[in-house]
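Reading the structure
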Amino acid sequence: MMDRESPVTEDELHAFVDGELPADRQAAVETWLAAHPEDAARVSTWRAQSESIKARYAGIALEPVPARLELARLRRLERRWTRAAAAAVIAAFLIGGLLGWFGREMVEGGSVLGKTLTTDAMDAHKLYVVEVRHPVEVPGAEAAHLVQWLSKRLGYDLRAPDLAAIGLKLVGGRLLPGPSGAAGFLMYEGPSGERFTLYSARWDAPETALRYRDAGQIAAFYWVDSNRAYVMSGPADRDRLRMIAQSAYDQLETRGPGKGSS
Amino acid sequence: MSAFAKDLEATIPALRRYARALTRDAEIADDLVQDTLVRALRSQHLFHGGDVRSWLYTILTNLNRNRLRSLARRPALSPLGDADAPQMAGPEAGGRDIERALAALVEDQRSALLLVVLEGLSYREVAEVQGVPIGTVMSRLARARAQIRSYLDGERPALRRVK
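Residues numbered from 1 in each chain as written. Chains lettered and ligands numbered in written order. Predicted model: local features only at pLDDT ≥ 70, side-chain atom pairs only at ≥ 80, totals over all residues.

Okay, the overall build of chain B next. Scanning chain B for helices and strands turns up seven helices and zero strands. Ordered by position from N to C terminus, the α and β elements of chain B give α-α-α-α-α-α-α. With 163 residues in all, chain B has 36% of them scored as buried. Taking contacts inside chain B between residues at least 6 apart in sequence as the whole, the part at least 24 apart equals 60%. (Helix = DSSP H or I, 4+ residues; strand = E, 2+ residues; numbered from the N terminus. Buried ≥ 20, exposed ≤ 12 C-beta atoms within 10 Å, placed from the backbone. Contact = placed C-beta atoms within 7 Å.)

As structure tokens, then:
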């Protein structure tokens, strides 16, 4: 049924410009535009914008592809990178170990969780979330292997919380130097590429509830449970971060019936 | 060469075009394309059919978002591409105008507009690339177009009547 009088929405005007309008609305929109000069002017402005954008950038796809983007070359580069990354990890361990040694007194002196461990965790967050090629050592696809390996190194059972229900998938994880031995580091990614990390290390301190720490661009919620500290870091959106940290907290809680069937 | 590698190769020119328009910097754009290709090669085993092109646009869009986020930590380097950056006034002709108008957009709006207008993706494909519902894509598109319009209209009134 054609209804000439049905009003045309702004979405339909955009769809008209972009060739996304269903065929059975085409005539109605054209009729509408003939009777509404203001909308017709908007439509032609949008078309002109599209033309300017194409005129400015279309030529780039016609340029020869630079040598550094050739696939064969990238494959070779990729292999070299893997070796370089291995060297970088070893260097990070050595440096981290030294810093840990010299920083030991401070850490042991004042066991202010909010200052030291969360700083480590947030530094690691900042360092690795921007990493394109090697954000993690073990990918999330090998989650079982990852948690087994980290648990072994940490000396306690570290589980990777399942945050799929709130839209986050496990990217993977890595081992880091912690305040007293190793620290486990898990990275999650949201639907639009935003990343959250969970840092965990042994920490002899009384149990705490979720606590918040804000460091400008990023923020963290941290807590201690059964001598294990956890820090969930991410973009400084307090409500969302709290929801994510709460979900991890609930799943990682040591008491209560074991949820993990693994 | 595998079908996957062929599709990958065939998409490189379009990826370069999109990356250039997104970042407005030839060097950064090719860096992004390179990172996108490397990531695609690495996660080839995770790709279960579907449209290679959309998948590559998704990777590139996310990598650029991560890049902007890391820039945002260094405020001195961030004015370009920042929605809050003051619009540089002054008349300039040709493609520069549209370039600046694009630069003044919020990243998600710029990306939505470019994917539709320049790359010819359907609304549905853009929704998948951006990981949002189609309605969100529509509103990003509408806001981008309205803002470009007022940006391009706005430079002239700034010059009139000083007294």
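Turning next to the interface of chain B and chain A. The partner chain A presents 33 residues to the 42 residues of chain B that form the contact. Of all elements in the fold, only α1 (3–23), α2 (26–42), α3 (52–72), α4 (95–103), α5 (107–117), α6 (123–130) and α7 (134–154) of chain B reach the threshold of two or more residues within the side of chain B that touches chain A. Here the side of chain B that touches chain A takes ten residues from α1 of chain B, the largest share from any one element.

A few words on the nonpolar core. If you look at the biggest cluster of nonpolar residues, it comprises 41 residues, and the most contacted ones within it are Tyr18 and Leu60 of chain B. Here the element with the most residues in this core is α1 of chain B; it accounts for seven residues. The residue makeup of this core includes at least three contributed by each of domain 1 (1–78) and domain 2 (88–163) of chain B. The contact partners of tyrosine 18 of chain B, leaving out residues within four places of it in the chain, are Tyr57, Leu60, Leu114, Leu118 and Glu119 of chain B. Within the second largest apolar cluster, 39 residues are counted, among which are Ala121, Ala124, Leu168 and Phe221 of chain A. (Core = buried A, V, L, I, M, F, W, Y, C linked by C-beta atoms within 7 Å. Domains from an automatic or database assignment.)

Moving on, we get to the sheet that holds strand β5 (residues 211–215) of chain A. Residue and element names in this part refer to chain A. The antiparallel open sheet is built from seven strands, whose spatial order is β1-β2-β3-β4-β7-β6-β5. Every other strand in the sheet has two partners, leaving β1 (138–139) and β5 as the edge strands with one partner each. Against the sheet, helix α6 (residues 143–154) makes contact with β1, β2 (169–178), β3 (181–189) and β4 (195–202), and its axis sits at roughly 20° relative to β2, the strand it touches most. (Pairing = 2+ DSSP bridges. Axes fitted to C-alpha atoms, helices over the stretch in contact; angles between N-to-C directions.)

Residue and element names in this part refer to chain A. Most of β4 sits inside the fold, with seven of its eight residues counted as buried. The antiparallel pairing of β3 with β4 creates a hairpin that spans five residues between the two strands, and glycine 193 there sits at a positive phi of about 85°. Where β4 lies against strand β7 (residues 228–235), six bridges are found, and the strand directions are antiparallel. Its bridge partner being in β7, alanine 201 is matched across the sheet by alanine 229.

Residues at a pLDDT of 70 or more form 85% of chain A, whose mean pLDDT is 83. Counting interchain partners and residues more than four positions distant, the pLDDT-below-50 stretch residues 256–262 of chain A has two contacts. (pLDDT = per-residue confidence, 0-100.)

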